Amino acid sequence: MLRSALILGLLGLVGPFAIDMYLPAMPAIAASYGASETAVQATITAYFIAFGLGQLFYGPWADQAGRKLPIMVGLALFLVASFGAAFAPSMAALTGWRALQGLGGAVLMVVPRAIIRDQYTGTQATRLMAMLMLVISISPMLAPLAGSAVLALADWRAIFIALGVLAVAALALTATAQPETLPAERRVRINPRSLWRGAKVLLSDPIFMGLTFIGGFAMGSFFVFIAFAPFVYTGQYGLGPTGFSLAFAVNAVGFFSASQLAGWLGERWGMRSLVRRGVAGFVFFSAAIFIIALTTDPGLYLVMAGLFCANACLGVVVPTVMVVALDDHGDIAGLASSLGGTLQMVAGGLSIALAGPFFDGSVTPMLGAIAACGLVAALLTLALLRPRPVAEPSV
């Protein structure tokens, strides 16, 4: 299990690095093109939209062709887009290359989940998903710092060259170390009728849909942070690229530390109860820091502490909802993973779009949007995952 977690986690670093590594460079990118903050934030939105739509394609393809070929093709697209972004002559071109990056990187969200479902279910799958999260969650700490290091030596374009080199390494790892986990006899031929039939099953399953959007708005809060924090931390709090990278990393520490308890807590409390408790904690901490910000400037360290606690709660929610949502759909795990991932990206993109008009460069609108995402997740949890009158099973 540890070997699988390491391989999938190292592959999973590619997508987060594409999001987080260039965050310290966002003000420099804006200055380079003479563009607004909103225009630079659009490069994140473009990545997420393409990332979400790409999952609709990779999931069914992975159910038909196996797991390795889609990974190889997606990484190849990501590689081309990374070098395209490095030499983009305009903000519009950079946004387009970022979209292609997202389209390629989407495969690394869908297929690793399906690989886990190929081999494990229940709490074993939760443990592996949490181990995967441990590896992936290191990236929000390392990626901005790596970006800051590159900026100290070269301009922001070198960051995308580095991402291209990372894609080359991931391609080599996939070809040599990742086994095929879907044998030919278990593959499902793609056709519109079977896709529609599978999609109807998933879309009509309230537990699948509810868990998907609980995870979607939980992650949406982090998308809001990604889009706005570079300007809040550097503008309102005066941090440089390295200072921002360190402050950004604090959020990941709470997330990945708590994620390692997800399997154990799932066995102790039950998977659905764990989701309820995690969402409740997230709402409490995100709402508390927002209420403080409405009355006074909470200061950098209090903002970091509040978001640390909120993200620790997300650390037990996100891997658990992923596993429970797929548990009853093992025969269409690829489609379920891709549709769930797409819907989550839609929720995350919607969060950024709705928060954008209220953003003025200060911390309060960012915290308000994060708290609003938590509130939506809480309402969905109350509606769909109410406590049962009898003790629930641990899986």
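Residues numbered from 1 in each chain as written. Predicted model: local features only at pLDDT ≥ 70, side-chain atom pairs only at ≥ 80, totals over all residues. Heavy atoms only, no water.

Colleague: An account of the overall build of the protein is needed here, citing residue identities and associated values.
Modeller: For the protein, the count of helices and strands is 18 helices and zero strands. At 20 Å, the protein has a C-alpha radius of gyration in line with the 21 Å of a compact globule built from 395 residues. Dimensions of the protein, computed from the C-alpha atoms along their principal axes, are close to 55 × 45 × 35 Å. Of all 395 residues assigned to the protein, the portion counted as buried reaches 57%. Considering only contacts within the protein whose residues lie at least 6 apart along the sequence, 88% involve residues at least 24 apart. Carbon together with sulfur atoms contributes 71% to the accessible area of the protein, which is approximately 15,100 Å² in total. Side chains of the protein give 20 positive and 15 negative charges; the mean places of these two sets differ by 8 Å. (Helix = DSSP H or I, 4+ residues; strand = E, 2+ residues; numbered from the N terminus. Rg over C-alpha atoms; globule rule 2.2 N^0.38 Å. Buried < 20%, exposed > 50% of the residue type's maximum accessible area, 1.4 Å probe, protein only. Contact = heavy atoms within 4.5 Å. Areas by Shrake-Rupley, 256 points an atom, 1.4 Å probe, with all protein chains shown as cover. Lys, Arg positive; Asp, Glu negative; His and termini not counted. Charge placed at Lys NZ, Arg CZ, Asp CG, Glu CD.)

Colleague: Go over the layout of surface pockets with me, naming the residues and quoting the values.
Modeller: One number sums up the size of the largest pocket: a volume of about 250 Å³. Surrounding the largest pocket, Phe217, Leu350, Ser351, Leu354, Ala355, Phe358, Pro365, Gly368, Ala369, Ala372, Cys373 and Val376 form its lining. Mapped onto the lining of the largest pocket, the elements with two or more residues apiece are α17 (333-355) and α18 (363-384). For the lining of the largest pocket, the leading source of residues is α18, giving six residues. Split into classes, the residues belonging to the lining of the largest pocket amount to 10 nonpolar, two polar and no charged. The calculated volume of the second largest pocket comes to roughly 210 Å³. (1 Å grid on protein atoms, 1.4 Å probe; cavity = no way out; pocket = protein on both sides within 12 Å on 5 of 7 lines; lining within 4 Å. Points joined across faces, edges and corners; volume = space filled by probe spheres on them. Nonpolar A, V, L, I, M, F, W, Y, C, P; charged D, E, K, R; others polar.)

Colleague: Give a description of empty space enclosed by the protein that names residues and reports values.
Modeller: Tallying each qualifying case throughout the model produces five cavities of 30 Å³ or more. The space that makes up the second largest cavity amounts to roughly 80 Å³. Taken together, 13 residues line the second largest cavity, and the ones lying closest to its centre are Arg113, Thr212, Met322, Ala325 and Gln344. If you list the elements that add at least two residues to the lining of the second largest cavity, you get α12 (206-236), α16 (300-327) and α17. If you tally residues by element for the lining of the second largest cavity, the top one is α17, at five residues. Taken together, the residues of the lining of the second largest cavity break down into seven nonpolar, five polar and one charged.

Colleague: Outline the nonpolar core, listing residues and values.
Modeller: One broad rule of soluble globular proteins: the nonpolar side chains tend to lie buried together. Within the largest apolar cluster, 121 residues are counted, with the highest numbers of intra-cluster contacts made by Ile29, Leu94, Phe225, Tyr233 and Met366. Setting aside its immediate chain neighbours within four residues, Tyr233 contacts Phe225, Gly238, Leu239, Phe244, Ala247, Phe248, Leu300, Val303, Met304 and Leu307. (Core = buried A, V, L, I, M, F, W, Y, C linked by side-chain atoms within 4.5 Å.)

Colleague: Explain the packing of helix α5 (residues 68-86) against helix α7 (residues 107-119) residue by residue, including any values.
Modeller: How two helices sit against one another is set out by the angle between their axes and by the gap between those axes. One can describe the packing of α5 onto α7 by two numbers: an axis separation of 10 Å at closest approach and a directional angle of 160°. When the interaxial angle is binned, α5 and α7 end up roughly antiparallel. The way α5 lies across α7 gives a crossing that is left-handed. The segment α5 lies against α7, with Pro70, Ile71, Gly74 and Leu75 engaging Val107, Leu108, Val111 and Ile115. Of the residues contributing to the contact of α5 with α7, the split by class is seven nonpolar, one polar and no charged. (Axes fitted to C-alpha atoms, helices over the stretch in contact; angles between N-to-C directions. Parallel < 35°, antiparallel > 145°, perpendicular 65-115°, else oblique. Left-handed = near helix turned anticlockwise from the far one by under 90°.)

Colleague: Mind laying out the environment of Trp97, listing which residues take part and the relevant values?
Modeller: Within the fold, Trp97 resides in helix α6 (residues 91-105). Assessed through its relative accessible area of 30%, Trp97 is described here as partly exposed. In this structure, the C-alpha to C-alpha distance between Trp97 and Thr43, residues 54 residues apart in sequence, is 8.9 Å. Trp97 has contacts with Val80, Ala81, Gly84, Ala85 and Ala88, leaving out every residue within four places of it along the chain. Within polar-contact distance, the side chain of Trp97 engages the backbone oxygen of Gly84 at 3.4 Å. (Polar contact = N/O pair within 3.5 Å; in protein donor to acceptor, adjacent residues only side chain to side chain.)

Colleague: Kindly report on the packing of α12 against helix α13 (residues 241-259), identifying the contributing residues and their values.
Modeller: Direction vectors running N to C along α12 and α13 enclose 150°, while the axes themselves pass 10 Å from each other. The pairing of α12 with α13 is recorded here as roughly antiparallel in orientation. The two elements α12 and α13 meet at a crossing, and its hand is right-handed. Every residue of α13 that contacts α12 at Phe222, Phe225, Ile226, Ala229, Pro230, Tyr233 and Thr234 is listed here: Phe244, Ala247, Phe248 and Asn251. Of the residues assigned to the contact of α12 with α13, the class counts are nine nonpolar, two polar and no charged.

Colleague: Give a description of a nonpolar patch on the surface that names residues and reports values.
Modeller: A cluster of nonpolar side chains, Phe83, Phe87, Ile161 and Val165, forms an exposed patch at the surface whose accessible area comes to about 370 Å². Mapped onto the secondary structure, Phe83 falls in helix α5. (Patch = residues over 30% accessible without salt bridge, like charges linked within 9 Å, V, L, I, M, F, W, Y side chains within 5 Å. Salt bridge = Lys/Arg side-chain N within 4 Å of Asp/Glu carboxyl O.)

Colleague: Report on the environment of Gln260, specifying residues and quantitative values.
Modeller: Mapping Gln260 onto the fold places it in the loop between α13 and α14 (262-269). When the C-alpha positions of Gln260 and Gly66 are compared, they lie 29 Å apart, and in sequence the two are 194 residues distant.

Structural measurements only, silent on function.
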